[in-house]
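A closer look at the structure
Here is what each chain is made of, one letter per residue.
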Amino acid sequence: MKELHWYYPETLADAETLVRQENVLPHGGGTGLLLRNLTGVDSLIELSRLPLRSIKVVDHNVEIGSACTYADVVEKMAEIDPGHILIKCLHHSANTPLRNRITIGGSVAMFPPWSDLMGALITLDAMISLTGKNSGDYSVLEYIRDKNLRANSLITTVKFKLLPRKSAHYREIRTKSDMPTFNHTVLLNIEKNKIVDCRIITVGTVLKYTRLAEAETYLTNRRIENIDVAEIGKLVNLKFAGSHIDDPEYANIKAGIELGRMIQQMVRS
Amino acid sequence: MDGLFIINGMQHRLDFKSDERLLFTLRKHGYTEVKNGCLEGECGACLILLDDKPVNSCQVFTASAVEKDIKTVKGIGNLYEPHIIQKAFVDAGAVQCGFCTPGMVLATYALLQKNPKPSEPEIKNALDGNLCRCTGYVKIIEAVKLAAQMIGKGGDRNV
Amino acid sequence: MSDYTIIGKSEKKIDSLSLATGACQFTDDFELKEPLYLAQLYSPHAHAEILNIDDSEARKLPGVVDVFHYQNVKPVLHTTAGQGFPEPSPYDSVLFDMKMRFIGDRVAMVAAEDQKIANNALKLIKVEYKILEPLFDPEKAMDKNAPKLHGTDRFTPIGATYDSLKNLAAEVEIEFGDLKKGEAEADFIIDKIYHAHYGSHCAQEPHAAISYFDEMGRLVIVCTTQVPFHVRRIVSKVCEFPLSKIRVIKPRIGGGFGGKQEVLLEPLAALVTIKLKRPAKIVLSRKEVFQNSRTRHPVRTRLRTGVKNNGDITFLEMDSLLNSGAYGTHALTVLSNCGAKVLPLFNKIENMRFLGRSVYTNLPVGGAYRGYGATQGYFALNQQLDMIARKLDVDLPEFIKKNHIQVGETSKIFEALGEGKEGVVQYINSCKLDECIDIGAREIGWYEKREKKLTNGDKVKGVGMMVAMQGSGIPLVDMASAYMKMNDDGSFNLDIGATDIGTGSDTVLAQIAAEVLSIDLEKIIVLSSDTDRTPFDVGAYASSTTYVSGGAVKKCAEKIRDQILDVAAEIMKTDRNNLELADGKVHDQKNNKCISLSDVAVYSLYTKNQFQIQAGASQFVEQSPPPFIAQFAEVEVDKKTGKVDLIKFVSVVDCGQAINPKLAEGQIDGATVNGICYALTEEYKFSENGNLLTKQFRDYKIWTAADIPEIKTIVVESHEKTGPFGAKSVGEIGINGPMPAIANAIYDAVDVRLFKAPFTPARVYREMQKTGCQHY
Ligand SMILES: Cc1cc2nc3c(=O)[nH]c(=O)nc-3n(C[C@H](O)[C@H](O)[C@H](O)COP(=O)(O)OP(=O)(O)OC[C@H]3O[C@@H](n4cnc5c(N)ncnc54)[C@H](O)[C@@H]3O)c2cc1C
Ligand code: FES
Ligand code: FES
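The present account deals with the structure reproduced in this document. Here the structure is a predicted model, which means the values were calculated and not measured. (Residues numbered from 1 in each chain as written. Chains lettered and ligands numbered in written order. Predicted model: local features only at pLDDT ≥ 70, side-chain atom pairs only at ≥ 80, totals over all residues. Heavy atoms only, no water.)

**Side note on the overall build of chain C**
In terms of regular secondary structure, chain C is built from 19 helices and 29 strands. Since a compact globule built from 776 residues should have a radius of gyration of about 28 Å, the 27 Å found for chain C is in line with a globular shape. The burial tally for chain C puts 67% of its 776 residues in the buried class. Put simply, 80% of the contacts in chain C that link residues at least 6 apart link residues at least 24 apart. Taking the average location of the 92 positive side-chain charges in chain C and that of its 100 negative ones, the two points are 3 Å from each other. (Helix = DSSP H or I, 4+ residues; strand = E, 2+ residues; numbered from the N terminus. Rg over C-alpha atoms; globule rule 2.2 N^0.38 Å. Buried < 20%, exposed > 50% of the residue type's maximum accessible area, 1.4 Å probe, protein only. Contact = heavy atoms within 4.5 Å. Lys, Arg positive; Asp, Glu negative; His and termini not counted. Charge placed at Lys NZ, Arg CZ, Asp CG, Glu CD.)

The structure is reproduced here in structure tokens:
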């Protein structure tokens, strides 16, 4: 194999020039790159020397530098909003040493079916900033859908609003250090004992992620005393596949039960 | 390629391949205390401290670690001047085959630096990246408690 | 309880500081001068014949030095099982075969200048296969029209039952009493089928071997082995190289659990070094460990028991079908132990039959694994006992206490069923199982929780228990030996063939020597497992080391003690009978005088009538006294989802005198957690064409510290008069309990019987959904 070339840019301007070259890829934590075949890749851009390792809050808008690791986010978000959904999603993700490597940018770009991050970003209506060929701001959903956005572009920041929401995250795992077979992220806006807004995303389905629209509709504008947990379970109709799932039907049943429990917990507390 | 690394407090210039994992670079240059157990990021046998944070060296491209500070288990203590954590592992009977031990010791070191008085759940969670098949973790958890106690009593130079 | 000075003390494991500081070396840590790196090509088909291999492209790749396969390596039939000679396992393997018997069977091997080149060269080897119909279902293996895996040239060197035309790797049948009579007497019969599944040892260090010629032209093999002397013998045979020219060294080993009782890589490295006269190195990846090394044998057990309403068990019939996979390594002995290590525990049953068959299938290969058949057998027996007690409406612990074997008793099984051959008559000298049961029941809160179904929301609690025995070595088979000599300063070299694979046997054996000589542990310098330097030992298996090797060390140290006293008598001009060893000195009890051991050593080496104080001793055992264990689980089952949470697990073990209690506890802790993971999360899954899907830790889940509930291990000491200082064994027994104890606890919580593990949420949920499940 021919040697890869490594770039170590220190400014975003340099990074932008580099990312526009042919056959180059950004390197965040490398945990995803190590799994893939790098034939056809000429060079890697190491992001850790860029000023992308900070988390800023301006006017209730949070901006996370793409080179922040899962551990960075858990630590720094705790200072900003100790109950934030991102902390719940990431603090048990993968395992301790991996959380010191896995970056936000790499995890958005890769979006594996076991991602603990993406459910939260979707529910938060998060935006990402790209630099390079497709410089500009995009919603996370656009970025997921439009594969062309990836070419010669570097994610620099992930942005979302700080909103007072009840939130919960559930990981379906066999042991504590496991990639979840699926995970649920739920955001609820409860006003005067009534759910006025709700977001539910399940990651790990055949479509990689699914928005649980029926459950959302059921819950929206419902008073919390009128919520029937069993009913929520019935509204979950998720498709799972893959050799790691022995019993897709059971996975769906489990997803329904666990979602019901999450909602129950959230409205109770 | 080659690059400078600070390993266990000393500067070294090491050569490596552009797609090489840090684990292999370290082992090739004699740091065989860093073990290869899976290459998946699941076992923690290859755990080192990179800029003081525990990481799996098998999940790190060497090229991404140039100019960084690396600590292996030999960097915190040796046979002649063992670190308190290493002594605690010995005293607690937490070392059976010892293959997981360098990683366990470093994960403990990182934990106690951040949190000198960890609760039992905090200890268990901090070791969630290290597999051990010999001990069932029982005496390893005791060793971490013992180390925290010993350090708390003002025992050590490093922590 | 004892007046020992070092026995029964939790001395620090002698290599532990070196391990904790990263100083100790494992096989892959040794530096070799310009070694060749080896990589293996594996069959992508479960069952196929190789029509042709074309390695020309691979050989052209720069850096490739040689390619090995059936066309250029002489086939020598052997077994890879590292057992005594002649091995009880069939000779059904050659290094490179023309026939492929599972996905992962070895096709070829490349030797190259670096590992990457070797790996890349594999892709350039062109292999033409004729695909054959595969056989995956062990139940169908003996059918007339089933595909046949092995030819009629395969055989067993010990003449045991073997029939390659029936895919039968081993068969054992014993019967005593009168089954018909037992059936007639029974008020009820319970007849159930249990499945114990595949498992991987998951020793954290993957298998590895290096080989080189030393400066005298002798072949040195450093390898991850539990059985260095068997490695030497088998490599000599397979590579047709004189045994006298082979030296096998065992460095530190990163766990074995049976997986390294297999001679897999050593002949490959040796082959390369012998042919190319260069050092060679082979290290398995984790995927190779899962797929291409060895596993726990899956066993289907049908258990029939007849019971009278008064609680008497009138007959027991156990029919075990062991899936040996593609080769028959340990197929006979693991099979035998399904009965031999299990059935004697209930020796009051007068009518018994055990029928065991091991069959070939086109799946990964079974081998030795901690528990060695007992784990599979106890899964069945202990659930059946739980059912019987429930049906009789009696307390399970009390029922077991009435029925298990006691001191002074024997079982016909001991005599009828050995490891691959007839057994040995044995009487129980020590058994504190009743005490173990009582302590365990108290510790788990048995009487507060059993059948109470304590409920919290959707979650229900339950408790379950089990009992087991194991052995301590293989009687009339195992032999171990030790050599000692005394040095100027009163220190001693202890050279032992015994193999410390992380168990702490170097420490335990040194403690035995130190106790005999009344000296500090530091005075014993241990060298173990070097076929040139240390005397013979069968190796680390069958829970033999403390009992058998320990016996050898004790004898050897006693001979040294006698010599020391002789010399001291000469120095002190007194009668030997007045002398005693204590605190590292020789005391004359008559006049309170004493001299140091170094005085004795210096005298014997330099002063007068010079000679080396030294001795060798062997231990050959006629008994295999069983350790006993009672294990208890408390679980909480989610009634809605089937998820099982383990709350607490208690093991109470009688291992005779624990030479080093901390190390003994460590053995039980480790075995227990291994068993827990096996019961709840570990699973081999296959695709339809027999491809293993779970060959990474991310798929095959073993637990981390974060998953561990309260684990409690209690050692109850007894005294085994045939063991060194009263010791029995402790290495394997703890792994037997979790599967049946947890299954019984799940039943206690939700009335669901699990005949198959792992007890995943999906499986438990599906079982709960089934209507008409029998309630016992
Ligand atoms: C054993 C293991 C377990 C894991 N478990 C989990 C888990 O439970 N939950 C979870 O959420 N994750 C988990 N992960 C992490 C996940 O699988 C990915 O490896 C990770 O999200 C990738 O992040 P990274 O920073 O390492 O990316 P990299 O490997 O650096 O990059 C991945 C991809 O993204 C591109 N990229 C990187 N940074 C940028 C950027 N700033 N802009 C544009 N493109 C970029 C790269 O070019 C590459 O194509 C696990 C990983 C491992 C190895
Ligand atoms: S070798 Fe790196 S985590 Fe296992
Ligand atoms: S001590 Fe052997 S793996 Fe931990």
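**Some thoughts on the nonpolar core**
One finds B:Phe89, C:Ile742 and C:Phe759 to be the most contacted residues of the largest nonpolar core, which totals 162 residues. Among the elements that take part in this core, helix α9 (residues 374–392) of chain C stands out by supplying 10 residues, more than any other. Not counting the four nearest positions on each side in its chain, C:Ile742 is found in contact with C:Ala633, C:Val635, C:Leu646, C:Phe649, C:Ile676, C:Ala679, C:Leu680 and C:Phe759. (Core = buried A, V, L, I, M, F, W, Y, C linked by side-chain atoms within 4.5 Å.)

**Notes on the sheet that holds strand β1 (residues 36–42) of chain C**
To summarise the sheet geometry, strands pair through backbone hydrogen bonds and adopt either a parallel or an antiparallel arrangement. All names here are of chain C. Read from one edge to the other, the open sheet built from 7 strands follows the order β3-β5-β1-β12-β9-β10-β11, with strand pairing classed as mixed. What marks the edges here is a single partner per strand, and that holds for β3 (64–69) and β11 (246–249). Within this sheet the neighbouring strands show an average axis-to-axis angle of 20°, counted without direction. Strand contacts of helix α5 (residues 228–238): β10 (219–223) and β11, with the helix running at about 145° to β11, the strand carrying the most contacts. Strands β1, β3, β5 (106–112), β9 (208–213), β10 and β12 (280–283) of the sheet are contacted by helix α6 (residues 266–276), whose axis makes an angle of about 25° with β9. (Pairing = 2+ DSSP bridges. Axes fitted to C-alpha atoms, helices over the stretch in contact; angles between N-to-C directions.)

**Quick look at the pattern of salt bridges**
Throughout the structure, instances matching the rule amount to 89 salt bridges over all chains. With a closest N to O distance of 2.8 Å, C:Glu682 and B:Arg133 form a salt bridge. With C:Glu682 in the loop between α17 (661–680) and β29 (710–715) and B:Arg133 in the loop between α4 (120–126) and α5 (138–152), the pair connects residues from two separate chains. Where C:Glu443 meets C:Lys712, a salt bridge forms, and the shortest distance between an N and an O atom there is 3.8 Å. Highlighted residues: C:Glu443 in helix α12 (residues 433–444) and C:Lys712 in strand β29, separated in sequence by 269 residues. Through salt bridges with shared partners, a single network forms among C:Glu173, C:Glu175, C:Glu183, C:Asp191, C:Arg302, C:Arg304, C:Glu317 and C:Arg353. (Salt bridge = Lys/Arg side-chain N within 4 Å of Asp/Glu carboxyl O.)

**Regarding the site of ligand 1**
Residue and element names in this part refer to chain A. Surrounding ligand 1, one finds 38 residues, the nearest of these being Pro 26, Gly 28, Thr 31, Thr 103 and Ser 107. In the environment of ligand 1, an oxygen atom lies 2.7 Å from a nitrogen or oxygen atom belonging to the backbone of Gly 28. Taking Tyr 70, its side chain carries an N or O atom lying 2.9 Å from an oxygen atom of ligand 1. Contact with the protein chains hides 96% of the accessible area of ligand 1, taken as 970 Å² for the molecule alone. Elements with a minimum of two residues in the shell around ligand 1: β2 (24–27), α5 (104–110) and β8 (153–161). Among the elements that make up the shell around ligand 1, the one with the highest residue count is α5 (5 residues). Residue composition of the shell around ligand 1, grouped by class: 16 nonpolar, 15 polar and 7 charged. (Near = heavy atom within 4 Å. Polar contact = N/O pair within 3.5 Å; in protein donor to acceptor, adjacent residues only side chain to side chain. Areas by Shrake-Rupley, 256 points an atom, 1.4 Å probe, with all protein chains shown as cover. Nonpolar A, V, L, I, M, F, W, Y, C, P; charged D, E, K, R; others polar.)

**Observations concerning the sheet that holds strand β3 (residues 43–46) of chain A**
All names here are of chain A. The 3 strands lie next to each other as β1-β3-β2, forming an open sheet whose pairing is parallel. Looking at strand neighbours, the two that pair on one side only are β1 (5–7) and β2, the edges of this open sheet. Each strand of the sheet is rotated relative to its neighbour by a mean of 25°, with strand direction disregarded. Alignment of β2 against β3, held across 4 bridges, turns out to be parallel.

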